[in-house]
Amino acid sequence: MSTEELLKELRIDRAQREDSSKQAPRWLWIAGGVLVALCICAAVAWPRAKQGVAANIVKASARAVDNSAAVLQATGYVTPRRQATVSAQMVGTLTEVLIEEGDRVEKGQVLARLDGSAQRAYLASAKADALAANARTEQLRTQLVQARRDADRLQDLVDHKLVAAQQAEQARMQVDALQAQVHAAQAQAQSSVAQIAVAQINHDRTEIRAPFSGVITQKAAQVGEIVSPSAAGGGYTRTGIGTIVDMDSLEVDVDVSQTSIGRVQAGMPADIVLDAYPGWKIPAHVVAIVPTADRGKATVKVRIGIDTKDTRIVPDMGVRVSFLEKTNGHNAADTR
């Protein structure tokens, strides 16, 4: 019904109005006029409101499905390229553990200490042996110098036919013997120096240090436990002190179907979205396509580099990757 027809139906004849004015109060006329005005406004505004709602719905739908920049999507996990389980290089009992999960450590920082009493004793013994060997060497050198002087004097006497030649020969033999003893003492001194180096290395191994800078993600041992480089003693030994991860080496590994791997190229841009933060889009890029396939899953692994580093990104987080294609600085969808 149009606005004009609605107004005709609401029009009141003069005769009826005069009759009714005699019977109805004045406030009823005022209420009726307000009602008529509201009806007219509603009839005019309804088509416009309907069009506005439709426009908003269309606009929202367009935003929801606008994913034309992504040529392929895949899911994967955050993985560190540099991670190590730090262990002792010798069997020993832990006396100190200086790490906790979440600690930031620097390369060379002491993470734990083993009982080093035996190593300190070996080191002290090696140093004492080295001092003794050096002293023996010096003593023999002094004797050798004196023997050479004695041999020279006897040789002069032999030349003047004052003593028998046999005495000069015996003096020279004594010089040769002392020379051999000096060489042996020097070798012993060098061996003592090497023993000091070995004892020092073993002593240094009682301090377990970080191989690189990173964050401790797992603490695996406590004070009083026995640790060793390899499994030994059943469940009574630990093979690791903790796990350290280089957070700057975090990447994303995704499995791409073999039928779609041709659409992925090294260096192409990508966006990653963490399952933990679905509203956060992180720029990334394809680092490499691993040249091997998983026969069981019919997929190929792709390494994704993260362009923006953030402490909220941690290993083993689930992610969704959108591979993007750009041509001359524009999305492929924009060049259609």
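Nothing here was measured: the structure is a model prediction, and the numbers come from that model.

### Examining the nonpolar core
Here is step 1: Ile304 and Phe323 are the most contacted members of the largest nonpolar core, which has 30 residues in total.
Here is step 2: Where this core is concerned, the elements lending two or more residues are β1 (70–80), β11 (250–257), β12 (269–274), β13 (281–294), β14 (299–306) and β15 (318–324).

### Some thoughts on the confidence of the model for the chain
Here is step 1: Averaged over every residue, the pLDDT of the chain is 80; residues scoring 70 or more account for 74%.
Here is step 2: Note that pLDDT drops below 50 for residues 49–68; the model gives that stretch 2 contacts with residues more than four away or on any other chain.

### Some remarks on the sheet that holds β12
Here is step 1: One closed barrel holds the 6 strands; their spatial order is β1-β11-β14-β13-β12-β15, and the pairing between them is antiparallel. Across the sheet, the mean angle from the axis of one strand to that of its neighbour is 40°, orientation sign disregarded.
Here is step 2: Across 5 bridges, the pairing between β12 and β13 is antiparallel. Following the sheet pairing, Val273 is matched in β13 by Lys281.

### A short note on helix α5 (residues 165–204)
Here is step 1: The end-to-end C-alpha separation of α5 is 59 Å, in line with the 58 Å expected for 40 residues at 1.5 Å each.
Here is step 2: Listed as buried for α5 are Ala168, Ala171, Val175, Leu178, Val182, Ala185, Ala189, Ser192 and Ala199.
Here is step 3: In this fold, the buried residues of α5 make contact with α4 (117–159).

### Looking at the pairing of strand β7 (residues 214–219)
Here is step 1: Strand direction decides the pairing type here: strand β4 (residues 104–105) and β7, joined by 2 bridges, are antiparallel. Paired with Val105 across the strands is Gly214, a residue of β7.
Here is step 2: Two elements, β7 and strand β10 (residues 242–245), share 4 bridges in a ladder whose sense is antiparallel. When the sheet's bridge partners are listed, Gln218 is paired in β10 with Thr243.

### Considerations on the packing of aromatic side chains
Here is step 1: Tallied over the full model, the rule gives 1 aromatic pair.
Here is step 2: A ring pair is formed by Tyr277 and Trp280, whose centres lie 5.9 Å apart and whose planes are at 80°; its orientation type is edge-to-face.
Here is step 3: Just above the ring of Trp280 sits the side chain of Arg312; from NZ or CZ to the centre is 3.9 Å.

Analysis parameters
- Residues numbered from 1 in each chain as written.
- Predicted model: local features only at pLDDT ≥ 70, side-chain atom pairs only at ≥ 80, totals over all residues.
- Heavy atoms only, no water.
- Core = buried A, V, L, I, M, F, W, Y, C linked by side-chain atoms within 4.5 Å.
- Buried < 20%, exposed > 50% of the residue type's maximum accessible area, 1.4 Å probe, protein only.
- Helix = DSSP H or I, 4+ residues; strand = E, 2+ residues; numbered from the N terminus.
- pLDDT = per-residue confidence, 0-100.
- Contact = heavy atoms within 4.5 Å.
- Pairing = 2+ DSSP bridges.
- Axes fitted to C-alpha atoms, helices over the stretch in contact; angles between N-to-C directions.
- Expected span 1.5 Å × (residues − 1).
- Phe/Tyr/Trp six-rings, centres within 6.5 Å; stacked < 30°, edge-to-face > 60°.
- Lys NZ or Arg CZ within 6 Å of the ring centre and 35° of its normal.

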